[in-house]
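Residue-level structure breakdown
Next come the chains, spelled out residue by residue.
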Amino acid sequence: MDYTIRVATLEDCKDIYRMIMVSRCGDRRVAQGGTCSVCARRTHGHSELAKHEKVSDQVKIAQRDLEQDGFSKNPFFQSIIAEVPEQHRSKDGHSKVGYALYFFAYSSWKGRSVYMEDLYVMPEYRGKGIGKALMSKIAQLGLAAGCNQLNFAVLNWNKESMDFYLSQGCWDVTTGLDYHCMRCEGPALEALARGDPKN
């Protein structure tokens, strides 16, 4: 199948947001308030999608946030799109069938790195090399920027994705280096910024 991997534009935010919403539960119908074939529950937008991943209190963004945060003068992230020609549009008429969202970071041990926040391909387009092409493009962009590592996180239950990443030469840092991924947010982040954390 023919497809193109290209840098995302502001106009792509609608489709990126659509795929973010669908990827939360793994079924395209959830974005339309339908029944998820994975969890067999009727969903009602943001909160139900997030509830399926047990992160209902964490989903905070809207399409406008993607537009502002990714396409302003000083963007917080960058994105690439997988697009198919008209004759290969999805059942729902979409030609943008995958995306990857990434940003540059720095390791005090290894130097420049690229962090892949999202890698998503619509289910009907999986197994055609699109996910591999998206990940390869991020690796190319990272190397061109002087990065020496690509980092990302995988949900513990997502064995299919884990197997895919391992097949691409990636390794599990959690297992290999015994790291824990930590986070501070919301009121705790505000308290920390004021210098009076809860403890």
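The next subject is the overall build of the chain. When you go through the chain residue by residue, the secondary structure sums to seven helices and five strands. From first element to last, N terminus to C terminus, the chain shows the α and β order β-α-α-α-β-β-β-α-β-α-α-α. Counting the 199 residues in the chain, one finds 31% classified as buried. Counting only carbon and sulfur atoms, one obtains 51% of the accessible surface of the chain, whose full area is about 12800 Å².

With that settled, consider the pattern of salt bridges. What the rule picks out here adds up to eight salt bridges. Of the charged contacts in the structure, one is a salt bridge between Arg6 and Asp12, with a shortest N-O distance of 2.7 Å. For Arg6, a relative accessible area of 23% corresponds to the partly exposed category. Judged by its relative accessible area of 1%, Asp12 is buried. With its nearest N and O atoms 3.0 Å apart, the salt bridge here joins Asp15 to Arg18. In this pair, Asp15 and Arg18 both sit in helix α1 (residues 13-23), three residues apart, roughly one turn of the helix. Exposure class is identical for Asp15 and Arg18. Each is buried. Through salt bridges with shared partners, a single network forms among Arg6, Asp12, Asp15, Arg18, Glu83 and Lys96.

To continue, consider the pairing of strand β3 (residues 96-107). Across six bridges, strand β2 (residues 78-83) lies against β3 in antiparallel orientation. Within the sheet, the bridge partner assigned to Ile81 lies in β3 and is Tyr99. Pairing of β3 with strand β4 (residues 111-121), which is carried by ten bridges, proceeds in the antiparallel orientation. When the sheet's bridge partners are listed, Tyr99 is paired in β4 with Tyr120.

What follows covers the side chain of Ser95. In this structure, Ser95 sits in the loop between β2 and β3. What makes Ser95 buried here is its relative accessible area of 10%.

What follows is about the packing of aromatic side chains. Two descriptors summarise a pair of aromatic rings, namely the distance from one centre to the other and the angle between the planes of the rings. Enumeration over the complete set of coordinates arrives at six aromatic pairs. Both rings, one in Phe71 and one in Phe77, keep their centres 6.4 Å apart while their planes meet at 85°; by these two values the pair is edge-to-face. Taking the relative accessible area as the measure of exposure, Phe77 reaches 9% and is therefore buried. Here the aromatic rings of Phe152 and Tyr165 are separated by 4.4 Å at their centres, their planes lie at 50°, and the arrangement is tilted. Highlighted residues: Phe152 in the loop between β5 (150-151) and α5 (159-167) and Tyr165 in helix α5, separated in sequence by 13 residues. Each residue in the set Phe152, Phe164 and Tyr165 is aromatic and connected to the rest through ring pairs, giving one cluster.

What counts, and where the lines are drawn
As a convention, each chain's residues are numbered from 1 in the sequence order in which they are written. Local features in this predicted model are restricted to residues of pLDDT 70 or higher, and side-chain atom pairs are both shown and tallied only at a pLDDT of 80 or more, whereas totals for entire chains, interfaces and linings draw on every residue. Computation of side-chain values: all heavy atoms of the structure, hydrogens and water removed. Helix numbering and strand numbering both begin at the N terminus, where a helix is a DSSP run of H or I of at least 4 residues and a strand a DSSP run of E of at least 2. Using a 1.4 Å probe on the protein chains alone, a residue whose accessible area is under 20% of its type maximum counts as buried, one over 50% counts as exposed, and one in between counts as partly exposed. What sets the accessible areas is the Shrake-Rupley method with a 1.4 Å probe; for residues, cover comes only from the shown protein chains. The salt bridge definition used is simple: a Lys or Arg side-chain nitrogen within 4 Å of an Asp or Glu carboxyl oxygen. Only strands joined by at least two bridges in the DSSP assignment are considered to pair. For Phe, Tyr and Trp, rings pair up if their centres lie within 6.5 Å, where Trp contributes its six-membered ring, and each pair is then called stacked (planes under 30 degrees apart), edge-to-face (over 60) or tilted (otherwise).

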